[in-house]
Each structure stands twice: as C-alpha cells, then as structure tokens.
Amino acid sequence: MATKSRYPTGVRPLLAEETARRRRIELRFVDALAGAGFSEVVLPIIDYVEPYGALVEPATAKQSYRFVDREGDLIAIRSDFTPMLARALAPSIAPEELPLRLFYRGDVIRVEASRLGANRELFQIGAEIIGDDSIDADVAMLRLAADLVRAPRNEPNAEPTIVYNDVSIAAALIAQAGAVCEALAAKRMTAGVPAALQTIVAKLISGEATLNDVAPFAPEAAARLSAIEEAVAGDAVFTLHLDDIEDSGYYTGLRFRVYAGSGRTKVAQGGRYDNLYERFGQRAAAIGFAFTIDDLD
Amino acid sequence: MRIAIPKGRLQERALSVFADAGYDIPSETDLKTRKLVFDRGGIEWIFVKDGDVPVYVEHGAADAGIAGLDQILEHECTAYQPVEFPFGHCRMMLIAAPGAPPLTKVATKYPRITRQFLDQRGVHAEIVPLSGSVELAAVLNLTSHVVDLVETGETVRIHKLEMQEVVAEISPRLIVGKNFYRTEPKTVRELIAKIEEAARVSS
C-alpha cells in the first residue's frame, strides 16, 4: 500500500486543538511538579541497548524499536525514562546531594500487545525521588500522583482510583514455589501450589488477605504497607490490592497504578526501585511514577 | 457491568452458568431478535464472536466474559482467568495426513499459538492461516499438517487424518479485565464467587 496518505502504526500528528489540550495538561503538571520542588531533566530520545543489558527483560525488549546505527551499534528508541535517568545520574551523583527530586517529559515509543490499535508514541511526564528509601517518600509520591490526576477535573462520577501494593510480597511467595506466580496471575488456585502456601494464596486470590496474613512471608513489606495505609487512610482514592503481582520488572517495593475517567483507563503507574541505580554503579534508592498525558480525559 | 458472551459453541453453556449463578440473562425470545446488546438485571449483555470476547475484555469494552483458552492465547489476552469451567474441554492438536512428510507447512485458525508451538520445538515451517474447515487443508494437500481443536476426534477420523501431538489443553474460562478488577474490586469478587459456585455445582 502506498505510504503517501498514512503513518506507521501507532503514531499520528496532533493538530492545533489536540496539541492545545495536551499543552494545557502539560503546563499544569509542570507547574505542580516545580511547585513540589522537582527540577526538570532532559534525556536523549535514543540510546545504546548494551548498557541496559540484563536489566531489560525479553518482553520489554520486544516492546522497543531498535536499529543498528552507522557505527554498527545497536540502538533503541526511548521506551522507558526510568532506566535512562538511572544511567544518566548514577556515575555523577554525590551522596551528599541526595535526595534529588527530578522530573522529565517527552515521548516514549512502545509496542504493547495490550494496547492493540492504540498509540505507540506516548507523551509522558514522570517524576522521581532519588536517594530516599523512606516511607515518607512513598507517601509523598502517592499523594503527588493523586493531586496531579485530580486537580481540575470536576467529574463527580469519575473519581480516580490509585491501586497500590508491594511487589516483594508476591516475590517472596514465588521464591518459595514458582507455581504461585501462575495462580496469582490467573487469580485462580492452580495445581502445584504447595500445601503450606495454599491458605495465603487462596486468601490473596479471594481478596480476603490482610497485611497480617502476608506479614509472616514478607514482614518488611507488610510493615511498610501498613504505615502507608495509615498515612493515606483519609483519602478514598487509595486502595490496597495485595494480590496485584504482574510486571514487577525493576521494581522492588511499593508499586501503584492510577486509573481515571469513566473508561477506568490506566493513566499512570509507578513504584519503588531500590536496586536500579546500583546496576549503573551507584547505590541509591529511588521511587517514581510516569503519567501518559494523552490517556487523561 | 458489561458481560461478553461468545456466540457459537460455548454460548448455551455460558448463558446457563450465569443463569445458575442467579443472573437475569437474556431470554430465548430476546436472542431471536437481531440485537447484540441486552440490558437485564442491571447488566449489559453483549453477544460477540467467540474469538472477539478476549479482545473486548482486554480493551475494557466489556468488563468480563467467557472465552476458551484457545482464543485467550491466540489474542495474547492478559485478562485474569479466575474460573475454569468443567465443560467444553478439548485439545488443540497437531494433525497430519497419513504418511505426511516432515512438517514444513501447516494450516490453522490459530497462527500465533502455532508459531509459538513451532518455535518451542525449533521447527521451521510455513503457517497458512485459514478461517474454518482447517482439516480440509490436509485432506486436499494444501498443507501436510494442520493445528486445530479436537473435541471428539470425529472430524479427524472421518478424514482419515492422524493426531500427532497435543499443542495445548483447552478449557473455557471466566475472564475479567484488569482495569475492571482493580477499580471495582467488590463487584468483581461477587461476580467471581457466584460464577465459581455455579461452575462447581454444574461439574
């Protein structure tokens, strides 16, 4: 088919009206982030694949566009800001400068199976706190995400929802028996879950599990979630979802997703990744989130 | 809540599960009309081709539905599968004409699953996507092999083909969209509990 009248799958130009809409939201976000003490950084649109090495799982690698450049090196178009920020910062951060509060904005290009027919070029604005492993930082980022999604949206029927969990809970159970992963992913008890774990897995699947139930398996995560739960208790936006396990990727602790609008669209996601900077040569705890701006109503 | 019911092979069983679970399902008379959407008991029921149920649920156009594992896998649907039903079990098989040469060409309605199956075995073969009567491809020598669902094996026997290998064990499941699951936990838990009970009783 002639390519004269169309664009590659998943990309399109935004004309005046849509651009104005995007810029309005962008400005609001940037103002709010600057107001909360975050400074902007700019990251390149392409980077070598090699430095990210084992960090990138095969599934994630499949989502990115890659090509060989003129020097013969394998290059990927930006598909996730977070590892790029870690690679940019890790060699130069001095421990006394921490914590850092940074934000970024720009496009990522990503082919997601679950976004069939949807955009592949996504305009994102994300924020991170680097060098702070405290529960206060967790709570601050959750609250910031809630403020951003809620700000001027006067839709009484479409309250956003922020679902949060800690990925180390499922990781601890899966480390004991791989079959737990399958059961939690399907939300159904499957053969192979050992007897010792059946009670907790059944409770997680049915949604009855409490922090006390998971504490014996992941005491630290349970304690942190309990403190977070207490801190955000007054805000109905937040829901603790202990059975949420998927795509932990580089996340190590708190994990959250933001849903908004009548279509219950996922507009943002984030979490804690305390081991990521270490892979680029510097130890630093970090937590962040990224909003996909065009998914906001 | 919007529930997607697959038309065809699973439709009747799917509806009776919801009826057994106490839901007010569309009646026979409703179904004879050409409508595709029915409002009943506070639920919007939609009737779509079986292979489209995972697509509707994946994208949140339906909150939940009933779909065979074949269609779930073929569409790489990431929705949760909280209930596996005791009915409608079958197998996806690699089928060949007797005395067929080594696998180089295979016809199927499930190109994605077939590709994965071949890749796992390190077999390099051309896939010919068809939309129905796949066995005919082997009978008429369009391809030496086919990958298709086998329920009783009758079609395979009639055409004097032979079953070579199990590609996957297939069963229908209740599927629930991830966004729906996370944002409406109470509604979802109630739905799953009722359907689980109905499935258990019917087994």
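Remember, it's a predicted structure, so these values are computed and weren't measured experimentally. (Residues numbered from 1 in each chain as written. Chains lettered and ligands numbered in written order. Predicted model: local features only at pLDDT ≥ 70, side-chain atom pairs only at ≥ 80, totals over all residues.)

Some points on the overall build of chain A
Step number 1: Within chain A one finds 9 helices and 11 strands.
Step number 2: Dimensions of chain A along its principal axes, counting C-alpha atoms only, are 60 × 50 × 50 Å.
Step number 3: The burial tally for chain A puts 36% of its 297 residues in the buried class. (Helix = DSSP H or I, 4+ residues; strand = E, 2+ residues; numbered from the N terminus. Buried ≥ 20, exposed ≤ 12 C-beta atoms within 10 Å, placed from the backbone.)

Some thoughts on the overall build of chain B
Step number 1: Along its length, chain B carries 9 helices and 11 strands.
Step number 2: Here the C-alpha coordinates of chain B stretch approximately 55 × 35 × 30 Å along the principal axes.
Step number 3: Among the 203 residues that make up chain B, the fraction classed as buried is 41%.
Step number 4: Residue pairs at least 24 apart in sequence account for 66% of intrachain contacts in chain B once pairs closer than 6 positions are excluded. (Contact = placed C-beta atoms within 7 Å.)

Observations concerning the sheet that holds strand E3 (residues 66-68) of chain A
In a beta sheet, neighbouring strands pair by backbone hydrogen bonds and run either parallel or antiparallel.
All names here are of chain A.
Step number 1: Here we have 3 strands laid out as an open sheet, ordered E2-E4-E3, and antiparallel in their pairing. Bordering the open sheet on either side are strand E2 (46-48) and E3, each of which pairs with just one other strand. Direction aside, neighbouring strands of the sheet carry axes that sit 35 degrees apart on average.
Step number 2: Here E2 runs beside strand E4 (residues 74-77); their pairing, made up of 3 bridges, is antiparallel. Paired with Tyr48 across the bridge in E4 is Ile75. (Pairing = 2+ DSSP bridges. Axes fitted to C-alpha atoms, helices over the stretch in contact; angles between N-to-C directions.)

Side note on the domain arrangement of chain B
A common way to state how big an interface is: give the accessible area lost once the parts meet.
All names here are of chain B.
Step number 1: Parsing chain B into structural domains produces domain 1 (2-88 + 171-202) and domain 2 (90-169).
Step number 2: Placing a centre on the C-alpha atoms of domain 1 and another on those of domain 2 gives a separation of 29 Å.
Step number 3: Between domain 1 and domain 2, the residue contacts involve 6 residues of the former and 7 residues of the latter.
Step number 4: When its residues are assigned to classes, the side of domain 1 that touches domain 2 shows 2 nonpolar, 1 polar and 3 charged. (Domains from an automatic or database assignment. Nonpolar A, V, L, I, M, F, W, Y, C, P; charged D, E, K, R; others polar.)

Side note on the sheet that holds strand E7 (residues 105-108) of chain B
Residue and element names in this part refer to chain B.
Step number 1: If you walk across this open sheet you meet the 5 strands as E8-E7-E9-E6-E10, and the pairing is mixed. Whereas interior strands pair on both sides, the edge strands pair on one side only; in this sheet they are strand E8 (126-129) and strand E10 (162-170). Averaged over all pairs of adjacent strands, the angle between strand axes in this sheet comes to 25 degrees, irrespective of strand direction.
Step number 2: As defined by bridge partners, E7 adjoins strand E9 (residues 145-150) across 3 bridges and the pair is classed as parallel. Opposite Val106, over in E9, you have His145 as the bridge partner.

A few points about the nonpolar core
Step number 1: If you look at the biggest cluster of nonpolar residues, it comprises 69 residues, and the most contacted ones within it are Ala145, Ile162 and Ala286 of chain A.
Step number 2: The dominant element in this core, judged by the number of residues it contributes, is helix H4 (residues 135-150) of chain A, at 6 residues.
Step number 3: In terms of domain composition, this core takes at least three residues from each of domain 1 (12-133 + 285-297) and domain 2 (157-273) of chain A.
Step number 4: Excluding residues within four positions of it along the chain, Ala145 of chain A makes contact with Ile162, Val258, Ala268, Gly270 and Phe289 of chain A.
Step number 5: Counting 57 residues, the second largest nonpolar core, distinct from the first, contains Ile3, Leu10, Phe47 and Ala198 of chain B. (Core = buried A, V, L, I, M, F, W, Y, C linked by C-beta atoms within 7 Å.)

Concerning the interface of chain B and chain A
Step number 1: In this assembly, 16 residues from chain B lie in contact with 17 residues from chain A.
Step number 2: Those elements that provide at least two residues to the side of chain B that touches chain A are strand E5 (80-84), helix H8 (178-183) and helix H9 (185-202) of chain B.
Step number 3: Counting residues per element, the side of chain B that touches chain A draws most heavily on E5 of chain B, at 5 residues.
Step number 4: Along the lines of polarity and charge, the residues of the side of chain B that touches chain A split into 5 nonpolar, 6 polar and 5 charged.

What about the environment of Asp31 of chain A?
Step number 1: Among the secondary structure elements, Asp31 of chain A is positioned in helix H1 (residues 16-35).
Step number 2: The sequence separation of Asp31 of chain A and Asp80 of chain A amounts to 49 residues, and the corresponding C-alpha distance is 23 Å.

Here's the deal with the confidence of the model for chain A
Step number 1: Mean pLDDT over chain A: 89, with 92% of residues reaching 70 or higher.
Step number 2: When mean pLDDT is compared element by element in chain A, strand E1 (residues 39-40) of chain A scores highest at 98, while helix H2 (residues 58-63) of chain A scores lowest at 74. (pLDDT = per-residue confidence, 0-100.)

Considerations on the packing of H4 of chain A against helix H9 (residues 219-231) of chain A
Residue and element names in this part refer to chain A.
Step number 1: H9 packs onto H4 with a crossing angle of 45 degrees between their chain directions and a minimal axis gap of 10 Å. Relative to H9, the element H4 is oriented oblique. The crossing of H4 and H9 is right-handed. For the pair formed by H4 and H9, the contact residues are Ile135, Asp138 and Val139 on the first element and Arg224, Ala227, Ile228 and Ala231 on the second. (Parallel < 35°, antiparallel > 145°, perpendicular 65-115°, else oblique. Left-handed = near helix turned anticlockwise from the far one by under 90°.)

Observations regarding helix H7 (residues 195-206) of chain A
Residue and element names in this part refer to chain A.
Step number 1: With 12 residues, H7 extends 17 Å from end C-alpha to end C-alpha; this agrees with the ideal 16 Å at 1.5 Å per step.
Step number 2: Regarding H7, the residues found buried are Ile200, Val201, Leu204 and Ile205. The buried residues of H7 occupy an angular sector of 140 degrees when the element is viewed end-on, so they sit on one face. Seen from the buried face of H7, the exposed residues on the opposite side, beyond 90 degrees, are Ala195 and Thr199.
Step number 3: Each element contacted by the buried residues of H7 is listed here: helix H5 (167-176), helix H6 (179-186) and helix H8 (211-214).
Step number 4: Count one or two residues on from H7 and you reach Gly207, which has phi positive near 85 degrees. (Expected span 1.5 Å × (residues − 1). Arc of directions from axis to C-beta.)

A word on the packing of H6 of chain A against H7 of chain A
Residue and element names in this part refer to chain A.
Step number 1: One can describe the packing of H6 onto H7 by two numbers: an axis separation of 9 Å at closest approach and a directional angle of 20 degrees. Judged by the inter-axis angle, H6 sits roughly parallel to H7. Considering only the axes of H6 and H7, their crossing is right-handed. For the pair formed by H6 and H7, the contact residues are Val180, Ala183 and Leu184 on the first element and Leu197, Val201, Leu204 and Ile205 on the second.
Step number 2: Per-class residue counts for the contact of H6 with H7 are 7 nonpolar, no polar and no charged.

Describing H1 of chain A
Residue and element names in this part refer to chain A.
Step number 1: Taking 1.5 Å per residue, 20 residues should reach 28 Å; H1 reaches 28 Å between its end C-alpha atoms and fits that length.
Step number 2: Little of H1 is tucked away, with 2 of its 20 residues classed as buried.
Step number 3: Downstream of H1 by a residue or two, Gly37 has a phi angle that is positive, lying close to 90 degrees.

Considerations on the domain arrangement of chain A
All names here are of chain A.
Step number 1: Each domain of chain A was delimited in the assignment, giving domain 1 (12-133 + 285-297) and domain 2 (157-273).
Step number 2: Using only C-alpha atoms to locate each centre, domain 1 and domain 2 end up separated by 25 Å.
Step number 3: In this assembly, 14 residues from domain 1 lie in contact with 13 residues from domain 2.
Step number 4: Per-element accounting of the side of domain 1 that touches domain 2 gives the leading share, 7 residues, to strand E11 (residues 286-292).
Step number 5: Among the residues forming the side of domain 1 that touches domain 2, the class breakdown is 7 nonpolar, 4 polar and 3 charged.

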